[in-house]
Amino acid sequence: MKIIDREGRLFGKISVIDLLVVVVVAVMAVALRVKNTQTPTGSNVETQPIAFQIRVVGAETYLADAIQVGDSVYDTSYASGNGPVGKITQVEVLNDPGIIMSDCFQNGTLVPMEVEGTVDLIVTIEGSGVVTDRTYSINRVYELGMNASRTYRSNKVTFAGAVINIMT
């Protein structure tokens, strides 16, 4: 059996030209996807200040006291390129006592409950990064998005929160 027969078909089944067209279309689709989703990390891209706020819900008071203005903040998964995400510029107490979610019904529904000894915080962090029309990237690699729930750490404490506001 020949690889290409007299009619130009590969193994007698598919045309070589059809196969080339499929390969070219696939390569173009991959190139377009890479171009539109890559993070702009070139040296000609300017960074600018990016501030974002994290809502920490139900933090115990000793934890809230350890979150200090001026501390550097890191992502615990090291998704920020081993550099800090930014510095804490403001810590506000939103609710005192804080609210935690508790399952108190037999049907499994969650109900917010106030718990003594806890507070809800708004932590403002300022870093620098790249802003495009669609994304915010701290340190050029750390994608920042609204409602993103992440775990952060400083020198003194580890805390979890969700991004509630991004300001440039």
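Scroll up to find the structure this text is about.
Being a predicted model, the structure only gives us computed values, none of them experimental. (Residues numbered from 1 in each chain as written. Predicted model: local features only at pLDDT ≥ 70, side-chain atom pairs only at ≥ 80, totals over all residues. Heavy atoms only, no water.)

### Some details on the packing of aromatic side chains
1) Next: All told, the structure shown has one aromatic pair when counted by the stated rule.
2) Next: Between Tyr-152 and Phe-159, the ring centres sit 6.1 Å apart and the planes meet at 35 degrees, which makes this aromatic pair tilted.
3) Next: The buried category is assigned to Phe-159, whose relative accessible area is 2%. (Phe/Tyr/Trp six-rings, centres within 6.5 Å; stacked < 30°, edge-to-face > 60°. Buried < 20%, exposed > 50% of the residue type's maximum accessible area, 1.4 Å probe, protein only.)

### Some points on the pairing of strand β5 (residues 86–95)
1) Next: With two bridges joining them, strand β4 (residues 72–75) and β5 adopt antiparallel strand pairing. Considered in β5, the bridge of Val-73 is made with Gly-86.
2) Next: As defined by bridge partners, β5 adjoins strand β8 (residues 118–131) across seven bridges and the pair is classed as antiparallel. Bridging from a neighbouring strand, Ile-88 pairs with Ile-125 of β8. (Pairing = 2+ DSSP bridges. Helix = DSSP H or I, 4+ residues; strand = E, 2+ residues; numbered from the N terminus.)

### Focus on the pattern of salt bridges
Oppositely charged side chains can form a pair if their charged atoms are brought close together.
1) Next: Per the counting criterion, the structure on display carries two salt bridges.
2) Next: Here Asp-71 ties to Lys-156 by a salt bridge, and the two come within 3.5 Å at their closest N and O atoms. With Asp-71 in the loop between α2 (61–66) and β4 and Lys-156 in the loop between β11 (149–153) and β12 (158–167), this residue pair connects regions lying 85 residues apart in the sequence.
3) Next: The exposure class of Asp-71 is buried, given its relative accessible area of 12%.
4) Next: Of the residues examined, Lys-156 reaches a relative accessible area of 52% and is grouped as exposed. (Salt bridge = Lys/Arg side-chain N within 4 Å of Asp/Glu carboxyl O.)

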